[in-house]
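The residues making up each chain are set out below.
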Amino acid sequence: KEALVQYENDFEKMIPDIKTSVKERKSHIITHQENQYRFKKVTMFRNETVIETKSCKSIVFKSGIDSLSLKMELSFSETIPPPRLGVVIHDKHRRPITSAATHFNEFVFKPPIHGESKIIVVTFPRISLLKGEYEIDAFILCDEGFLILEHLTITPRIKIEQSSKEVGIVNIPHKWEELEN
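Residues numbered from 1 in each chain as written. Predicted model: local features only at pLDDT ≥ 70, side-chain atom pairs only at ≥ 80, totals over all residues. Heavy atoms only, no water.

Engineer: Hey, could you run me through the side chain of Ser67 in this one?
Structural biologist: Of note, Ser67 is situated in the loop between β3 (59-62) and β4 (68-75). For Ser67, the side chain forms a polar contact with the main-chain nitrogen of Arg126, separated by 3.1 Å. If sequence neighbours within four positions are ignored, Ser67 has contacts with Phe45, Arg46, Asn47, Phe61, Thr123, Phe124, Pro125 and Arg126. (Helix = DSSP H or I, 4+ residues; strand = E, 2+ residues; numbered from the N terminus. Polar contact = N/O pair within 3.5 Å; in protein donor to acceptor, adjacent residues only side chain to side chain. Contact = heavy atoms within 4.5 Å.)

Engineer: Can you help me understand a nonpolar patch on the surface in this one?
Structural biologist: Residues Ile169, Val170 and Ile172 make up a contiguous nonpolar surface patch of about 260 Å² in total accessible area. By the element assignment, Ile172 lies in the segment after β9 (148-161). Exposure remark for Ile172: the relative accessible area of 58% places this residue in the exposed category. (Patch = residues over 30% accessible without salt bridge, like charges linked within 9 Å, V, L, I, M, F, W, Y side chains within 5 Å. Areas by Shrake-Rupley, 256 points an atom, 1.4 Å probe, with all protein chains shown as cover. Salt bridge = Lys/Arg side-chain N within 4 Å of Asp/Glu carboxyl O. Buried < 20%, exposed > 50% of the residue type's maximum accessible area, 1.4 Å probe, protein only.)

Engineer: Hey, could you run me through the side chain of Asp66 in this one?
Structural biologist: When you line up the elements, Asp66 lands in the loop between β3 and β4. Look at Asp66: it is buried, it has no salt bridge, and the nearest opposite charge is Arg46 at 4.7 Å. Ignoring sequence-local partners within four residues, the contact set of Asp66 consists of Arg46, Asn47, Val60, Phe61, Phe124, Pro125, Arg126 and Ile127. (Lys, Arg positive; Asp, Glu negative; His and termini not counted.)

Engineer: Hey, could you run me through the sheet that holds strand β1 (residues 38-46) in this one?
Structural biologist: Strand pairing in a sheet is mediated by backbone hydrogen bonds. Such pairs are either parallel or antiparallel. Here four strands make up an open sheet; going across it, the order is β2-β1-β4-β7 and the pairing antiparallel. The sheet is open, and its two edges are formed by β2 (49-51) and β7 (118-124), each paired on a single side. On average, each strand axis in the sheet is tilted by 30° relative to the strand beside it, whichever way the strands run. Across seven bridges, the pairing between β4 and β7 is antiparallel. Within β7, the residue paired with Met72 across the bridge is Ile120. (Pairing = 2+ DSSP bridges. Axes fitted to C-alpha atoms, helices over the stretch in contact; angles between N-to-C directions.)

Engineer: Sorry, what's going on with the pattern of salt bridges here?
Structural biologist: Any two side chains of opposite charge can pair if their charged atoms end up close together. Evaluated as defined, the whole model comprises six salt bridges. Across the salt bridge formed by Asp91 and Arg95, the nearest N and O atoms sit 2.7 Å from each other. For Arg95, a relative accessible area of 49% gives the class partly exposed. Within this structure, Arg94, Glu133, Glu135, Asp137 and Arg157 form a network of salt bridges that share partners.

In structure tokens:
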């Protein structure tokens, strides 16, 4: 009982800080909405070839061979911190398979100069997804990386083909070796 009472007392002391933090977060959200972070254009590439995204068909990539890149052009005010960017690759049932984000990789880009847009590219070299259909979402996130400011589902879906017989969702790099007894 003493431990529970102490926990409740500690929690009560934290509540004003939580409320203050929420107020600060809300003002942060309003600031971001007023400045309107926006994707101007997102272009998909297979290796160095632009993929026409108006097509309704899936675009075929070869597992372990083709590279997938997204070139994201975005605009935002030079007077505020640059946002963070994120990409999530989902299976056809919308289960997240993998993700990449500028803040996960400690990638920081500079603010735009005189209203110019920024162009940022993320590349998944020799994509290691295995056979299946996948969807890709791109996100603009707040400068701390947790509030979604804009979300875009990239069309068309990608279809991964493979020549090998591995099963699963992704081919994780691995190696085999024989040890002496």
